[in-house]
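# Analysis of the macromolecular model
Listed below are the residues making up each chain.
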Amino acid sequence: MQSEDAVSVKRVTVALEDLHPLGRLWDLDVITPGMMVVSRAQLDLPPRRCLACSRDALICARNRTHSLGTLNAQIKQIVRAFESEGER
């Protein structure tokens, strides 16, 4: 069983991952003192999306669906967009 504090922290980390301009690059895990991971699924939230194709990131990572070059290009694009927003 997850503590309410851990669930609250997970909700905040999911918001950061989903709402911050660089959040797509983060994978913030919440682990309870009892070493249990609080997952998005436990909060009835969809899985993280793949950077390259927006499908379930876990499946793409497990299957190595996309090349490192493709993923690096997407990461660079996200960072450039963030940097250009900061210049405004």
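Values in this document were obtained by computation on a predicted structure and should not be read as measured data.

Conventions used here
Residues numbered from 1 in each chain as written. Predicted model: local features only at pLDDT ≥ 70, side-chain atom pairs only at ≥ 80, totals over all residues. Heavy atoms only, no water. Helix = DSSP H or I, 4+ residues; strand = E, 2+ residues; numbered from the N terminus. Buried < 20%, exposed > 50% of the residue type's maximum accessible area, 1.4 Å probe, protein only. Contact = heavy atoms within 4.5 Å. Lys, Arg positive; Asp, Glu negative; His and termini not counted. Charge placed at Lys NZ, Arg CZ, Asp CG, Glu CD. Salt bridge = Lys/Arg side-chain N within 4 Å of Asp/Glu carboxyl O. Patch = residues over 30% accessible without salt bridge, like charges linked within 9 Å, V, L, I, M, F, W, Y side chains within 5 Å. Areas by Shrake-Rupley, 256 points an atom, 1.4 Å probe, with all protein chains shown as cover. Polar contact = N/O pair within 3.5 Å; in protein donor to acceptor, adjacent residues only side chain to side chain.

## What to know about the overall build of the chain
Check the secondary structure of the chain and you find three helices and two strands. Per-residue burial for the chain yields a buried fraction of 20% across its 88 residues. Excluding contacts between residues fewer than 6 apart, the proportion of contacts in the chain whose partners are at least 24 apart in sequence is 44%. Seen as two clouds, the 12 positive and the 11 negative side-chain charges of the chain have centres 9 Å apart.

## Overview of the pattern of salt bridges
In the structure shown here, the tally under the stated rule is four salt bridges. With a closest N to O distance of 3.6 Å, E17 and R48 form a salt bridge. On the criterion of sequence distance, the pair formed by E17 in helix 1 (residues 4-19) and R48 in the loop between strand 2 (37-38) and helix 2 (57-63) is long-range, its members being 31 residues apart. On the basis of relative accessible area, E17 is assigned to the buried category, the value being 2%. Under the relative-accessibility criterion, R48 is labelled partly exposed at 22%. The residue R40 makes a salt bridge to D18 at a minimum N-O spacing of 3.1 Å. Linking R40 in the loop between strand 2 and helix 2 with D18 in helix 1, this pair joins segments that are 22 residues apart in sequence.

## Topic: unusual backbone geometry
With phi around 60°, D44 is a residue other than glycine that occupies positive phi space. Assignment of secondary structure puts D44 in the loop between strand 2 and helix 2. The backbone phi angle of R64 is positive, close to 50°, even though this residue is not glycine. Within the element layout of this structure, R64 appears in the loop between helix 2 and helix 3 (68-86). On the basis of relative accessibility, which here comes to 72%, the residue R64 falls in the exposed class.

## A word on a nonpolar patch on the surface
Where nonpolar side chains cluster on the molecular surface, the patch consists of I31, M35 and V37 and spans about 320 Å² of accessible area. Its location among the elements puts V37 in strand 2.

## Quick notes on the side chain of E17
Here L28 takes part through its backbone nitrogen, which lies 2.6 Å from a polar atom of the side chain of E17. Sequence-distant contacts of E17, defined by excluding residues within four places in its chain, comprise G23, R24, W26, D27, L28, R40 and R48.

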